[in-house]
Amino acid sequence: MTSADRRTEAEDSGPSGYAAARLRLLQEGARSGPPRRTALAELTDEWLTGLFGAGTQGGGDGGEAGARREGGPRGVSLVAVGGYGRGELSPRSDLDLLLLHDGSDSGAVAALADRIWYPVWDLGLALDHSVRTPGEARKTAGDDLKVQLGLLDARHIAGDLGLTAGLRTSVLADWRNQAPKRLPELQELCAERAERQGELQYLLEPDLKEARGGLRDATALRAVAASWLADAPREGLAEARRRLLDVRDALHLTTGRATDRLALQEQDQVAGELGLLDADTLLRQVYEAARVVSYAGDVTWREVGRVLKARSVRPRLRAMLGGGPKPAAERSPLAEGVVEMDGEVVLARAARPDRDPVLPLRAAAAAAESGLPLSLHAVRRMAAGTRPLPTPWPAEAREQLVTLLGSGRPTVEVWEALEAEGLITRMLPDWERVRCRPQRNAVHIWTVDRHLIETAVRASALTRRVGRPDLLLVAALLHDIGKGWPGDHSVAGEIIARDVATRIGFDRADVAVLATLVRHHLLLVDTATRRDLEDPATVRAVADAVGSQGTLELLHALTEADALATGPAAWSSWRGSLVTDLVKRVAAVLAGDAPDEPETLAPTAEQERLAIEAFRTGGPVLALRAQTEPPTEEKPADDPEPLGVELLIAVPDQPGVLPAVAGVLAMHRLTVRTAGLRALDLPDGVRGSVLLLNWRVAAEYGSLPQAARLRADLVRALDGSLDIAGRLAERDAAYPRRRGTVAPPPRVTVAPAASRHATVIEVRAHDAPGLLHRIGRALEDARVRVRSMHVSTLGANAVDAFYVTGSEGAPLPGEEAASVARGLEEMLRG
């Protein structure tokens, strides 16, 4: 039956004809999706048009549909609003109708309303109706945002076309004039609904309409576009909306009810109606669509906020500038090729994505560290123009990934921005199998991919507990990566983790640790809650699987982060105490003799030459040179990977060297990646001692300063004529404060029995410009000498060990060491 035949049947047979034609349409297997929704709307239009004109058409006219659209009393029209106005009728959708009239004949309008409403009710169709004049409709819209949103999609069905057109024009004009007031109301309405209904892209029984990322949000984005203040990213949005509507259609057909909630017991039937493999495939498609809508909403509402803020500021600026030209937006540098502008992270004008494969990770890390969103334009430019990272990744790429993962809650939004444009799966192809993958487990509240990011967020708060925060964060990202494969996900994940870690550029020892963490990420909690901890065999089995104290420390933190990121039911103080008890028992089994101070290599010829020159001149001597990773099987000697710049400094042994050197480097915007300090005895025949510093540094942005300039500032710092603290404070004050991330508090501890010759103070803190300078000053103020130090920066985490002695060169007494550690921690927290 053609659509014309179906309309004819609906027109000629009244309600029963419409009902029969509607049933046939819904049972047609060949037609679904937008064509069926459009056909259902057209069929309903024709039936309602017939009802509208039934009282005014002559008995033998047989008037055509076009004529009947102008039937009924004069000055009256029938208008579809909301979803029906958009022509999006699902099988069980409400009919949203407005009977619009000019107020000239209220009795005729009341009779017409009865002639339309009652046949609709008689068929059991849900009806949302109103009878208003244009003025009443505009007033109601002004008082009720939901009414105004419905009228934005008003569509003429029958009667006085001019009356409908006038209302549409007025409503759109009102909406655009009132947008500065109404859009914040709409945003608040969306936020309240999201708070009540949750996020569609993660729910096992989602509400397709009301949840965040659902059909209501898609409609809200249409309203924003109608305001002409901002527009949503169009790419993929129409397809996402279509997919959600298709699922709702299938849900209505399989349940026979007007419902938007995709219940678990109905998902297999809905999947079958859509021709999908199973319920998991259905949910994954729903999640992908919701993710597109949610991301478009995030971008759009940021743009609305920016436009409204600019509108409020512009009149004041014009007054201040006397009507002069609009000032250029301020751009604050964040990293090489990355700046902040208008509250977003954008690419610098000189950035070249085609020549800088690390740029996406660097921009993402800068955004997460600053607590700022990544600009949509920047992400799309990087997605379109950045060449792939080499295999293995450069050291900088690995460090930027760790910084991104360790930035706490802002990591989620930045990661989603990268994922929306395909950058994540380009860098980590294995991510595709876990993306939007549902977890049919009452304990889990997230999809697999979001759970992995949530675990990294939770792990970022635990980085002070471990010596290798970079391994903890990457393990958090990968621990469930095997869930996209058949079989035990821990076994599959171990294989994938080895491959990913090698590709990222970790060395063999670190790859082995990451593989162990992924393979055994459930070991501690399973053993602690299901085995007898008093049985030595139980503890020994865990110790054998873990292998080392460092891995045990990482596994303990990963276990807690994983459980906290799973859901409220996955972790408790009881479970935590059991795991802690098990860890203590395993640590006792693994414990051996405490390690002494790490052995240092004999000085190289260059280091010895610098030391003699420093002793001879009585001042600092330094050398800068590019540093590369040593050749391996994967990276031959003819293709070395640059790690940064090696800075060698030799200074006659004297107080204040550490804070002076660290402060000068901070002044010149040099980031310290690794640092070592040791006292070097001079060769036989030369009496004296020289401090040798071997550091790896990198410029935050721009080029490195000249060695001569560094040396000149270092001389001034050592003789006290350079106020480093003041200069650093002035520079910080010159830049606006950003929200940034809330890093875990610093942790300073005394390592028990770590060395026979010195007291070892371990500092774990968030890396920041001038951090090492502040630590050095605090140790100087405590009147302790730094015998040697071993500093490393892992992403945004500083993990430092200082071997200190008293003025006589002996380890500090216990209480004095604890006091130094407490004072240092208080200084860092302040």
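Predicted model only: the values in this text are computed from it and were never measured.

A. Fine view of the overall build of the protein. Tallying secondary structure elements over the protein gives 32 helices and 15 strands in all. Across the 830 residues that make up the protein, the buried fraction comes to 52%. For the protein, the exposed surface amounts to about 37,100 Å²; the carbon and sulfur share of it is 51%.

B. Looking closely at helix α28 (residues 657-667). Counting buried positions along α28 yields 11 of 11 residues, so the element is predominantly enclosed. Note on α28: the residue one or two positions beyond its end, Arg669, has a positive phi of about 55°.

C. Looking closely at the sheet that holds strand β6 (residues 338-341). What the three strands build is an open sheet, ordered β5-β6-β7; its pairing is antiparallel. Edge positions in the sheet fall to β5 (331-335) and β7 (344-347), since each has one partner strand and no second. Neighbouring strand axes in the sheet, compared pairwise and without regard to direction, differ in orientation by 40° on average. The sheet contact formed by β5 and β6 spans four bridges and is antiparallel. Counterpart to Pro333 in the pairing with β6 is Val339.

D. Expanded view of the side chain of Glu266. On the secondary structure map, Glu266 appears in helix α12 (residues 264-273). Engagement of the side chain of Glu266 in a polar contact is seen with the side chain of Arg257, the distance being 3.2 Å. Beyond its immediate stretch of four places on either side in the chain, Glu266 contacts Leu251, Thr255, Arg257 and Arg261.

E. Quick look at the environment of Arg331. Among the secondary structure elements, Arg331 is positioned in strand β5. Measuring from C-alpha to C-alpha, the distance between Arg331 and Asp342 comes to 8.0 Å, with 11 residues separating the pair along the chain. Arg331 has contacts with Val339, Glu340, Met341, Val346, Leu347, Ala348 and Arg349, leaving out every residue within four places of it along the chain. A distance of 3.1 Å separates a polar atom in the side chain of Arg331 from the backbone oxygen of Leu347.

F. Highlighting the packing of helix α25 (residues 549-566) against helix α26 (residues 573-590). Running from N to C, α25 and α26 point in directions that differ by 175°, and their axes come no closer than 10 Å. The angle between α25 and α26 falls in the class roughly antiparallel. Contacts between α25 and α26 involve Gln549, Leu552 and His556 from the former and Val579, Thr580, Val583, Val586, Ala587 and Leu590 from the latter. Per-class residue counts for the contact of α25 with α26 are six nonpolar, three polar and no charged.

G. Spatial organisation of the confidence of the model for the protein. Of all residues in the protein, 88% have pLDDT values of 70 or greater, and the mean over the chain is 87. Across residues 57-70, confidence stays below pLDDT 50; counting only partners more than four residues off in sequence or on other chains, it has 19 contacts.

H. The packing of aromatic side chains, seen in detail. Within this structure, the stated rule accounts for four aromatic pairs. Taken together, a centroid distance of 5.2 Å and an interplanar angle of 90° make the contact between Tyr118 and Trp121 edge-to-face. In this pair, Tyr118 and Trp121 both sit in helix α5 (residues 106-122), three residues apart, roughly one turn of the helix. A residue is classified by how much of its surface remains accessible, and Tyr118, at 47% relative accessible area, is partly exposed. Overall, the relative accessible area of 38% leaves Trp121 in the partly exposed class. Taking the ring centre of Phe506 as reference, the NZ or CZ of Arg398 above it sits at 5.7 Å. Lying across the ring of Trp485, Arg433 places its NZ or CZ 3.7 Å from the centre.

I. The arrangement of the pairing of β7 in detail. Covered by surrounding structure in β7 are Glu344 and Val346 together with Val345 and Leu347, the residues of both alternating faces. Of the strand pairs in this sheet, β6 and β7 are connected by four bridges, and their pairing is antiparallel. From the neighbouring strand, Met341 faces β7, where its bridge partner is Glu344. Between β6 and β7, which follow one another and run antiparallel, lie two residues, and Asp342 among them has a positive phi close to 55°.

J. Spotlight on the sheet that holds strand β3 (residues 127-132). As summarised here, the arrangement of the four strands in space is β3-β2-β1-β4, forming an open sheet in which the pairing is mixed. Each edge of the open sheet carries a strand with a single partner, namely β3 and β4 (155-159). The sheet shows a mean angle of 25° between the axes of neighbouring strands, taken without regard to direction. As defined by bridge partners, strand β1 (residues 76-80) adjoins β4 across four bridges and the pair is classed as antiparallel. Each bridged residue has a counterpart across the sheet, and for Val79 the counterpart in β4 is His156. Strand contacts of helix α2 (residues 34-53): β1, β2 (95-101) and β4, with the helix running at about 35° to β4, the strand carrying the most contacts.

K. Focus on the nonpolar core. Grouped together as the largest cluster of nonpolar side chains are 91 residues, with contacts concentrated most on Leu374, Trp393, Trp415, Leu428 and Trp431. With sequence-adjacent residues up to four places away left out, Leu374 is seen in contact with Arg302, Val345, Ala363, Ala364, Ala367, Val379, Val414, Ala417 and Leu418. Counting 50 residues, the second largest nonpolar core, distinct from the first, contains Val651, Val661, Leu691 and Met789.

L. The side chain of Arg36, seen in detail. Within the secondary structure layout, Arg36 lies in helix α2. This buried residue, Arg36, is left without a salt bridge; Asp249 holds the nearest opposite charge, at 4.3 Å. Excluding residues that lie within four positions of it along the chain, Arg36 makes contacts with Leu25, Leu26, Glu28, Arg31, Asp249 and Leu253.

M. Representation of helix α19 (residues 448-460) in the model. For α19, built from 13 residues, the straight-helix expectation of 18 Å at 1.5 Å per residue is met to within 8% by its first-to-last C-alpha distance of 19 Å. Among the 13 residues that make up α19, 12 are buried, leaving the element largely enclosed by the rest of the structure.

N. Representation of the pattern of salt bridges. As enumerated under the stated definition, the model contains 56 salt bridges in all. One salt bridge connects Arg362 with Asp356, and the closest N-O pair in it is separated by 2.8 Å. Looking at Arg362, the relative accessible area reads 5%, which means it is buried. Arg785 serves as the salt-bridge partner of Asp653, at 2.7 Å between the closest nitrogen and oxygen. Remark: Arg785 occurs in strand β14 (residues 785-794) and Asp653 occurs in the loop between β9 (642-652) and α28; sequence separation between them is 132 residues. Within the structure, one salt-bridge network assembled from shared partners comprises Arg37, Glu239, Arg242, Arg243, Asp246 and Asp249.

The rules behind these values
- Residues numbered from 1 in each chain as written.
- Predicted model: local features only at pLDDT ≥ 70, side-chain atom pairs only at ≥ 80, totals over all residues.
- Heavy atoms only, no water.
- Helix = DSSP H or I, 4+ residues; strand = E, 2+ residues; numbered from the N terminus.
- Buried < 20%, exposed > 50% of the residue type's maximum accessible area, 1.4 Å probe, protein only.
- Areas by Shrake-Rupley, 256 points an atom, 1.4 Å probe, with all protein chains shown as cover.
- Pairing = 2+ DSSP bridges.
- Axes fitted to C-alpha atoms, helices over the stretch in contact; angles between N-to-C directions.
- Polar contact = N/O pair within 3.5 Å; in protein donor to acceptor, adjacent residues only side chain to side chain.
- Contact = heavy atoms within 4.5 Å.
- Parallel < 35°, antiparallel > 145°, perpendicular 65-115°, else oblique.
- Nonpolar A, V, L, I, M, F, W, Y, C, P; charged D, E, K, R; others polar.
- pLDDT = per-residue confidence, 0-100.
- Phe/Tyr/Trp six-rings, centres within 6.5 Å; stacked < 30°, edge-to-face > 60°.
- Lys NZ or Arg CZ within 6 Å of the ring centre and 35° of its normal.
- Core = buried A, V, L, I, M, F, W, Y, C linked by side-chain atoms within 4.5 Å.
- Lys, Arg positive; Asp, Glu negative; His and termini not counted.
- Salt bridge = Lys/Arg side-chain N within 4 Å of Asp/Glu carboxyl O.
- Expected span 1.5 Å × (residues − 1).

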